Amino acid sequence: MMRGLIALAVLIVAGVLKLPVERDLTTLHRQEHFRGVEFNLDLREQIGQLGFIAALSGFRAIVADMLLLFRHVTTLQPHVLLFWDTAAWHMAWNASVAAMDDKTQPRLALRVKAQREYFAMGKDFLERGIKNNPDRPELYEALARLYKEKYKDHESASEYYAKAAALPGAAPWDRRFSAYELSYCEGREREAYKRLRHLYDEGPRERLPTLIKRLKFLEDKLGIPQDQRIPDTGPLKR
């Protein structure tokens, strides 16, 4: 609900900028014939924001309009975290799903390619948001979720949860989530075990089912001696 309200606010705030931009887009469409050209994030930087939006709008006009509006709003209000977060969410979650479900594109490889480009746009919003707000934990946490859920990159997810946890005002679960993600990284199990065991030893408040489950998994994988293992607590929920 909150994301929807923020998106609506973005559209209203940026609406005054839309008409002149649309006129420029129309001109570019007529002059450059962008349809059928392959685009990526590197090309976006080369041809500039307006040209990239014109090219993208040939594929999905609504998404292109929204992307352009979010770029305007985040430029005008770079310290409003919700604008960066909501822009990333619309690109990496909503637009990426729409790309995969696009019935007009029969080739799976091209749908997957478009999906990953939307992931990259969402990541780009969060990275630029972090550059503008380096001392705020929320966008580090959002980037960690993107790495976890979209890229399945547990190592990067762990890194950004840890960066969030190190900042004032961080959510109490960021340290725990960082250790969880690290426990899925091949070759870093020992480090993950130490971090999870440290959390466990802090007391009952940290002894949540997922933490216990990951600890027991690592105890078995690392061959931790029985007398050093945490006590059994009965069957664990999956």
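Figured I'd write up the structure that's included with this text. (Residues numbered from 1 in each chain as written. Predicted model: local features only at pLDDT ≥ 70, side-chain atom pairs only at ≥ 80, totals over all residues. Heavy atoms only, no water.)

### Describing the pattern of salt bridges
Moving on, step 1. Here the structure, examined in full by the defined rule, presents 18 salt bridges.
Moving on, step 2. For Arg175, the salt bridge is made with Glu202, and the minimal N-O distance between the two is 2.9 Å. Here Glu202 lies in the loop between α10 (189–201) and α11 (209–222) and Arg175 lies in helix α9 (residues 174–182), a separation of 27 residues in the sequence.
Moving on, step 3. In this structure Arg175 comes out as partly exposed when scored by relative accessible area, which is 37%.
Moving on, step 4. With relative accessibility at 42%, the residue Glu202 sits in the partly exposed group.
Moving on, step 5. Between Arg175 and Glu206 there is a salt bridge, and its shortest N-O distance comes to 3.8 Å. Of this pair, Arg175 sits in helix α9 while Glu206 sits in the loop between α10 and α11, and the two are 31 residues apart along the sequence.
Moving on, step 6. One connected set of salt bridges, linked through shared partners, spans Glu155, Arg188, Glu191 and Arg195. (Salt bridge = Lys/Arg side-chain N within 4 Å of Asp/Glu carboxyl O. Helix = DSSP H or I, 4+ residues; strand = E, 2+ residues; numbered from the N terminus. Buried < 20%, exposed > 50% of the residue type's maximum accessible area, 1.4 Å probe, protein only.)

### Overview of α10
Moving on, step 1. Taking 1.5 Å of rise per residue, the 13 residues of α10 would be expected to cover 18 Å, and the 18 Å separating its terminal C-alpha atoms lies within 8% of that figure.
Moving on, step 2. Every buried residue of α10 is listed here: Glu189, Ala192, Tyr193, Leu196, Leu199 and Tyr200. Down the axis, α10 shows its buried residues gathered within 130° of arc, on one side only.
Moving on, step 3. In this fold, the buried residues of α10 make contact with α9 and α11.
Moving on, step 4. In the segment just after α10, Gly203 is the residue with positive phi, at about 135°. (Expected span 1.5 Å × (residues − 1). Arc of directions from axis to C-beta. Contact = heavy atoms within 4.5 Å.)

### Quick look at helix α8 (residues 154–165)
Three or four residues apart is the spacing at which side chains of an α-helix point the same way, because the helix has 3.6 residues per turn.
Moving on, step 1. Between its first and last C-alpha, α8 extends 16 Å over 12 residues, near the 16 Å set by a 1.5 Å rise per residue.
Moving on, step 2. For α8, the full list of buried residues reads Ser156, Ala157, Ser158, Tyr160, Tyr161 and Ala164.
Moving on, step 3. Elements that come into contact with the buried residues of α8 comprise α7 (137–151), α9 and α10.
Moving on, step 4. Where α8 begins, the capping side chain belongs to Asp153, and its oxygen is found 3.4 Å from the backbone nitrogen of Glu155. (Polar contact = N/O pair within 3.5 Å; in protein donor to acceptor, adjacent residues only side chain to side chain.)

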